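Notes for the structure review
Chain by chain, the residues run as shown.
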Amino acid sequence: MAAVTYELIHVCRQTGARLGRVHTPHGSFDTPAFMPVGTQASVKGMSPDELKEVNAGIILGNTYHLYLRPGHELIERAGGLHSFMNWDRPILTDSGGFQVFSLADLRDIREEGVTFRSHIDGSKHFISPEKSMEIQNALGSDIMMAFDECAPYPCDYDYAKKSMEMTTRWAIRSKAAHTNTEKQSLFGIVQGSTYVDLRRESAKALTELDFPGYGIGGLSVGEPGEVMNAILEEITPLLPTHKPRYLMGVGSPDYLIDGSIRGVDMFDCVLPTRIGRNGTVFTANGRIIVRDAKYSEDFRPIDSECDCYVCRNFTRGYVRHLFKSGEMLGLRLATWHNLRFLLKLMENVREAIRNDRLMDFRNEFFLKFGYSKKTGVPVKNESP
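Attention in this report is confined to the structure presented alongside it. These numbers come from a predicted model, not from an experiment. The residue count restarts for each chain, going from 1 along the sequence in the order it is written. Owing to the predicted nature of the model, reporting of local features is limited to residues with pLDDT of at least 70; listing and counting of side-chain atom pairs is limited to 80 or more, with chain, interface and lining totals taken over all residues. Processing note: side-chain calculations cover all non-hydrogen atoms of the structure and skip hydrogens and water entirely.

1. Section: the pairing of strand E8 (residues 113-117)
Our working rule: A pair of strands is considered paired only if DSSP assigns at least 2 bridges between the two. In this text, helices come from DSSP runs of H or I with a minimum length of four residues, and strands from runs of E with a minimum of two, each type numbered from the N-terminal end.
Relative to E8, strand E7 (residues 107-110) runs antiparallel, the two sharing four bridges. Bridge pairing in E8 places Arg107 opposite Phe116. Here E7 folds back onto E8, and the loop between the two strands holds two residues. Linking two consecutive strands that pair antiparallel, namely E8 and strand E9 (residues 124-127), is a turn of six residues; a positive phi of about 80° is found at Gly122 within it.

Quick look at the structure:
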């Protein structure tokens, strides 16, 4: 039996979205789920207890960064990633592929794997499917990802086809090299850029390999939202209903809802932590830049509808003061709120699925948040 399994609880009669639960060796989490990103064994600005307070059921670690620093051998000696970072809930690690391929001029892609130079010190390294599995096995994550190539957008058909076919071959090699199947599950990754026939071919090949779950990679990399949604509508019906589906690198509220509508179970993105550190926060009425001068005497919470620690205890004016004063607490509070906002959003999505009204919820949320109902494109930038 796979270390990670999926339990389908309910299918929304209005949209076909899935309410489920993923079971792992470190506990279970409800889906659709958003996973905060802990790139370097830390979700920036948040302690493990604070992550539990915002109700994070699973977090993500980054194979590329942890390989370079502090090194997977050290983390293995520390008892694995869970012990190293004192997190007792599930962890997913990506394969390192996306970060390696984003290095552009610093890497060389070949059938054997990828040679690249570290962004830290310029040192030369090589990651193959086998090396990625070695690193992730040492990290001890509950969910591992097969080594893949994330094709850029846009790219021509021939490049996308060759990349997708190599990703399939790398998936086979990843599966053969994965050694800790009783405690860790390996997911395959569907690729093929924006070409539907390539996506279908990739999905077919990977499902035949019978992975315990499936990532959908190479989306939200610059293509219009409607293109991403069209690809999801083609691909998710081809993936097994009894296994989780993970849309990689997606975390804006509209994409989370639209992805859930199209049968996705798991999402991750650095968006809430990254924009939080820059002073941008989510509210029920859209994003605001809380460090702007107009909030200096705004003594309302960041979002009056939010139940997070920040909104229960502090005002926009205070958070702005912290940013303007260079106080670290400002970055932490904005990050804390943004994570809770998205995790609460997913709680509401799950409730809407349970009540067979996810499309109604989408339309209500989009109208209030300031998205176009049709496209999800923001039509206003700030709440009152």
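2. Things to note about the sheet that holds strand E10 (residues 143-145)
As a reminder, the rule being used: Every axis corresponds to a line fitted to the C-alpha atoms, with the helix fit spanning only the stretch in contact, and the corresponding angles, defined between N-to-C directions, vary from 0 to 180 degrees. Throughout, a contact is declared for two residues whenever any of their heavy atoms are within 4.5 Å.
With parallel pairing, eight strands are arranged side by side in an open sheet as E4-E14-E13-E12-E11-E10-E6-E5. At either end of the open sheet lies a strand with only one pairing partner, and these are strand E4 (33-36) and strand E5 (59-61). When strand polarity is set aside, the average angle formed by the axes of neighbouring strands in this sheet is 30°. Of the pairings in the sheet, the one linking E10 to strand E11 (residues 185-190) comprises three bridges and is parallel in character. Note on E11: the bridge partner recorded for Met145 is Phe187. Those strands touched by helix H8 (residues 196-208) are E11 and strand E12 (214-216), and its axis lies near 160° from that of E11.

3. What to know about the pattern of salt bridges
In plain terms, the rule: Throughout this description, the term salt bridge denotes a Lys or Arg side-chain nitrogen within 4 Å of a carboxyl oxygen of Asp or Glu.
Overall, the coordinates contain 27 salt bridges when judged by the stated rule. As a salt-bridge pair, Arg300 and Asp298 come within 2.8 Å of each other at their nearest N and O atoms. Several salt bridges converge on common partners, so that one network encompasses Glu233, Asp258, Arg262 and Arg362.

4. Details of the packing of aromatic side chains
Geometry of an aromatic ring pair is reported as the spacing of the ring centres plus the angle between the planes. Counted only if it meets this: The pairing test for Phe, Tyr and Trp rings, Trp by its six-membered ring, is centres within 6.5 Å, and the orientation test on the planes gives stacked under 30 degrees, edge-to-face over 60, and tilted for anything in between. For every residue, the accessible area (1.4 Å probe, protein chains only) is compared with the maximum for its type, and the residue is labelled buried under 20%, exposed over 50%, or partly exposed between those bounds.
Counted by the stated rule, this structure contains 15 aromatic pairs. Ring geometry for Phe211 and Tyr214: centres 6.2 Å apart, planes at 90°, overall edge-to-face. Taking relative accessible area as the criterion, Phe211 reaches 1% and is therefore assigned buried. By relative accessible area, which is 1% here, Tyr214 ends up buried.

Honestly, it's all geometry; don't read function into it.
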